[in-house]
Each structure stands twice: as C-alpha cells, then as structure tokens.
Amino acid sequence: KGRRRAWAAGDHQGGLSGVIGLRRGRIKAGQSRIRRWPNGAEAVYSGAFALATQERPMAVDIAADIRKGNIIEHTDGQLYVVLKAESFRPGKGTPTTTIDMRRISDGIKISNTYKTSDKVEKAYVEEVDHTYLYMEGENYVFMNSGNYEQVVVPAAMVGDGAQYLQENMTVILQMFNGEAVSVTLPARITAEIVETEPVVKGQTASGSYKPAKLDNGARIMVPAHVGVGTRVVVNTEDGSYMERAKD
C-alpha cells in the first residue's frame, strides 16, 4: 500500500502508471531496471539510477519547502536524497536554507546552502509501508506490507537509525522509479534500559541526566531518577529521552 505524493499538479505526467511492475521476490536497492512509458519512451536505471532518456518526473519547488526524504536534482545533474533541511531567517540579511543530502549514485554526502526562494527541482517519490524483517550481512531486509515483496536495503541508507529498528516494525521506504532511496522510521520507539548508574535514594525528577544503555544496544541520556528495567520512549530523530513508557 503506497501513499503517493505528487509535488505539483501534473508532475507525474509521462505515464508513471504505465511503468512495468517489479517481479515478486527480493530486489536489492540499486539493481538495474528497464522502464517503459505508454508513449514509447524507455529508461534504464542502474545502481546509479542513471537514465537513458530525460523522462524524469520532476517538479520545481523553492528551497524553503524542501524536506527530509525528498529527491532533488542538484546542479551537477545527479539525483540526491535529502537527509536534513533547515531554514534560517536572520533579523538582517538574506534568509537561507541549508540542505544536507546524499548522492544516490555513490552515497557521497554534501551540504549546500540556498536562498530560501531559490528554485530546486524535486522528483516524484512514492512512500510505501514496509515491515522490518531482519539484518543480513551489512544489509537490512524489509517486506512490502501490500504485496509481500522483500527489499534489501544497504546499511548506509538506514544510517544511525539502524539501532532503533525492531522486528516487525513498520517503516516507510521512499521509492523512486521502483527503487528504495530513503528509510523513515517511526518518530518514537519504546525500549528497556539494561544498564545505567544506580538511582540515588530520594532522587526525584530534575534537570540532571546520566548515560544509559537500551536493550537494542543504543546509548542515550536519561533523567537521574530512571533506573535499570525501566521502559522509556526514545525520539528516533535525535536519540533523546522523551518519557517513561506507559505500557
């Protein structure tokens, strides 16, 4: 089941609905594919997602509207997945947007700063729910919740979020031309503290924090009054403690 996101009216024109379906089975992100549109145009997607034609479904947006997970075409003509985008509006001077991104072809990360009003070409992506199954070597295996097709995603694409993956967790894979290019985890997870400093008798909630290790191996900072065995809610975006779990 996919939640399609068309960035502007008509930006999917060119026949995305006519793309030939992927064979059921396991597909590694980055494998070569041939795509055909109803108008006869063909495109070959390699591990670098290079196109043999100019049939990329794109839309023009301003830098200030770019968000994490977007696929954009940089000035070098290559496609990048956005890792982070922040806008700065100083009291004086020109408002800017800084975009951290990863080149799809080779994984190289770069950071660029634009005026918030600069035009940026953004590609059409499809967000598809997938279930996390298991780790295989340096890759992670997910299953499409709709058609049960398995997708193998490299560890580099999951990034630091890998430590928060839990068996049967539902995540969103951003798909571009049938390939996974980005992974979005749930905003929060619940885990148990397995290691931390002892709670001092009479200690109550305060502004002091201490290091702790979770049952998934992740290390976070927790309030001084929280002890081993406590289940806590963690923000997967920055790894911060949010609250005690209510379950």
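Note that the structure is predicted; figures quoted are calculated from it, not measured.

1. Structural notes on the overall build of the protein chain
Each helix and strand counted, the protein chain has one helix and 20 strands in total. Burial status across the protein chain gives 40% buried among its 247 residues. Counting contacts in the protein chain only where the partners sit at least 6 residues apart, residues at least 24 apart contribute 46% of the total. Summing over all exposed atoms, the protein chain offers an accessible surface of approximately 13200 Å²; the carbon and sulfur share of this is 48%.

2. Quick notes on the nonpolar core
Membership of the largest hydrophobic core comes to 30 residues, with the highest contact counts inside it found for Val 153, Leu 165 and Leu 173. Here Leu 165 is in contact with Tyr 132, Tyr 140, Phe 142, Val 158, Val 171 and Leu 185, once residues within four sequence places are set aside. Of all hydrophobic cores here, the second largest spans nine residues; its members include Ala 63, Ile 72, Tyr 80 and Ile 99.

3. Some remarks on unusual backbone geometry
Despite not being glycine, Tyr 148 has its phi angle at roughly 65°, a positive value. The topology assignment puts Tyr 148 in the loop between strand S12 (139–144) and strand S13 (150–154). Since its relative accessible area comes to 56%, Tyr 148 is described here as exposed.

4. Brief notes about the pattern of salt bridges
The full count for this structure, using the stated rule, is seven salt bridges. Taking the shortest distance from any N to any O, the salt bridge between Glu 243 and Arg 188 comes out at 3.7 Å. Note that Glu 243 is positioned in strand S20 (residues 241–244) and Arg 188 in strand S16 (residues 188–196), a separation of 55 residues in sequence. On the accessibility criterion, Arg 188 (45% relative accessible area) is partly exposed. For Arg 219, the salt bridge identified is with Glu 195, shortest N-O distance 3.9 Å. Of the two residues, Arg 219 is situated in strand S18 (residues 219–223) and Glu 195 in strand S16; the sequence distance between them amounts to 24 residues. For Glu 195, a relative accessible area of 42% puts it in the partly exposed group.

5. Digging into the sheet that holds strand S19 (residues 231–235)
Spatially, five strands are ordered S18-S17-S16-S19-S20 in an open sheet, and the strand pairing comes out antiparallel. The open sheet is flanked by S18 and S20, the only strands paired with a single partner. Averaged over all neighbouring strand pairs, the angle between strand axes comes to 50°, with direction disregarded. As paired strands, S19 and S20 are joined by three bridges and run antiparallel to one another. Looking across to S20, one finds that Val 234 is bridged to Tyr 241.

6. With respect to the packing of aromatic side chains
Tallying each qualifying case throughout the model produces two aromatic pairs. Consider the rings of Tyr 132 and Tyr 140, whose centres lie 6.1 Å apart with planes at 50°: the pair is tilted. Of the residues examined, Tyr 132 reaches a relative accessible area of 8% and is grouped as buried. Ring geometry for Tyr 132 versus Phe 142: centroids 5.5 Å apart, planes at 55°, classification tilted. Here Tyr 132 is found in strand S11 (residues 125–136), whereas its partner Phe 142 is found in strand S12, with ten residues between them in sequence. Chaining the aromatic ring pairs together yields one cluster made of Tyr 132, Tyr 140 and Phe 142.

Cut-offs applied
- Residues numbered from 1 in each chain as written.
- Predicted model: local features only at pLDDT ≥ 70, side-chain atom pairs only at ≥ 80, totals over all residues.
- Heavy atoms only, no water.
- Helix = DSSP H or I, 4+ residues; strand = E, 2+ residues; numbered from the N terminus.
- Buried < 20%, exposed > 50% of the residue type's maximum accessible area, 1.4 Å probe, protein only.
- Contact = heavy atoms within 4.5 Å.
- Areas by Shrake-Rupley, 256 points an atom, 1.4 Å probe, with all protein chains shown as cover.
- Core = buried A, V, L, I, M, F, W, Y, C linked by side-chain atoms within 4.5 Å.
- Salt bridge = Lys/Arg side-chain N within 4 Å of Asp/Glu carboxyl O.
- Pairing = 2+ DSSP bridges.
- Axes fitted to C-alpha atoms, helices over the stretch in contact; angles between N-to-C directions.
- Phe/Tyr/Trp six-rings, centres within 6.5 Å; stacked < 30°, edge-to-face > 60°.

Coordinates in, geometry out; function isn't part of it.
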